[in-house]
Amino acid sequence: MARAHQGYVHLYVKEDLECEDLGQTVEGVPAVIAKFFVGHQQVCVVAVHFPANRRGNLPDQLEGPAGRRYALCGIARYLQDVDGPVVLLGDLNVRSEEVSDLLELGSWSDVWYAQKSYAPRVNDFDGPGSRDWPKPSAGDRYDHIWVRGAVWAQNGFLAGTARRFSDGRPFGLSVHFAVYVLLDVHDWYGAGGFSAVRGE
């Protein structure tokens, strides 16, 4: 668990997976990093909550695009010696115009999903007033799953979009909908993919 500008970053792993918790290993970056085995492949998973466009609970943290770039550079430095597949996921808070530059920082591939994970016109987490979203769009894709190495995913999906009711009033479980993905981990998807296919 790592403290973020709003709440904490959590990473949950199935109990039957052998997991090495690396904790919050990137100074000043709200991230939790763990390694575990899927079959014979060790996968490194980085759960993050990158800075928003306001400071929140971490007053010393850079905010906005500069803060997100700083956080991703710190993670990229940490991961430079990590071999094998890597999955970076969470509330990246990145705007669409930032994505392509940030993907290059770690040779990431963005797992696409169709809807908006932050959709205040649909999600009542902050109450009925949150529907007064000032932008013409219905929300943004702030939450992402980025992969690199011997891991692949076709696309992601939103979870937690069903309404919950309390005292007859619907509400959302979070200000963001969850993004989930089914990952395929195999040597085929890595740099030596062609030779891995030929060897089988």
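Details of the structure are given in the entry above.
Residues numbered from 1 in each chain as written. Predicted model: local features only at pLDDT ≥ 70, side-chain atom pairs only at ≥ 80, totals over all residues. Heavy atoms only, no water.

**Student:** For the overall build of the chain, give the residues involved together with the corresponding values.
**Tutor:** The secondary structure content of the chain amounts to three helices and 14 strands. Looking at the chain residue by residue over its 200 residues, the buried ones come to 42%. Put simply, of all contacts in the chain between residues at least 6 apart along the chain, 63% involve residues at least 24 apart. Approximately 11,300 Å² of the chain is accessible, and the part contributed by carbon and sulfur atoms is 52%. (Helix = DSSP H or I, 4+ residues; strand = E, 2+ residues; numbered from the N terminus. Buried < 20%, exposed > 50% of the residue type's maximum accessible area, 1.4 Å probe, protein only. Contact = heavy atoms within 4.5 Å. Areas by Shrake-Rupley, 256 points an atom, 1.4 Å probe, with all protein chains shown as cover.)

**Student:** Could you give an account of the packing of helix H1 (residues 64–79) against helix H2 (residues 96–105), naming the residues involved and the relevant values?
**Tutor:** Put simply, H1 and H2 touch, their axes get as near as 10 Å, and they point 20 degrees apart. In terms of orientation, H1 and H2 fall into the roughly parallel class. Seen along the crossing, H1 lies across H2 with a hand that is right-handed. Across from Pro65, Arg68, Arg69, Leu72, Cys73 and Ala76 in H1, the residues of H2 making contact are Glu98, Asp101, Leu102 and Leu105. Residues belonging to the contact of H1 with H2 are distributed by class as follows: six nonpolar, no polar and four charged. (Axes fitted to C-alpha atoms, helices over the stretch in contact; angles between N-to-C directions. Parallel < 35°, antiparallel > 145°, perpendicular 65-115°, else oblique. Left-handed = near helix turned anticlockwise from the far one by under 90°. Nonpolar A, V, L, I, M, F, W, Y, C, P; charged D, E, K, R; others polar.)

**Student:** With reference to specific residues and values, describe the nonpolar core.
**Tutor:** With 23 residues, the main nonpolar core has Val46, Ile75, Leu88 and Trp146 as its most contacted residues. Contributing elements (two or more residues each) for this core: strand S4 (31–38), strand S5 (41–49), H1, strand S6 (86–91) and H2. It is H1 that provides the largest number of residues to this core, a total of four residues. Contacts of leucine 88, omitting those with residues within four sequence positions, involve Val46, Val48, Leu72, Ile75, Trp108, His144, Ile145 and Trp146. (Core = buried A, V, L, I, M, F, W, Y, C linked by side-chain atoms within 4.5 Å.)

**Student:** Talk me through the environment of alanine 119; I want residue IDs and the actual numbers.
**Tutor:** Within the secondary structure, alanine 119 sits in the loop between strand S7 (109–110) and strand S8 (143–148). Sequence separation between alanine 119 and glycine 139 is 20 residues, and the spatial gap between their C-alpha atoms is 4.3 Å.

**Student:** Provide a residue-level description of the pairing of strand S10 (residues 156–159), including the pertinent values.
**Tutor:** Two faces belong to every sheet, and in a regular strand the side chains alternate between them. The alternating pattern of S10 places Gly156 and Leu158 on a buried face and Phe157 and Ala159 on a face that is not buried. Both S10 and strand S13 (residues 178–181) contribute to a ladder of four bridges, which runs antiparallel. Note on S13: the bridge partner recorded for glycine 156 is valine 181. (Pairing = 2+ DSSP bridges.)

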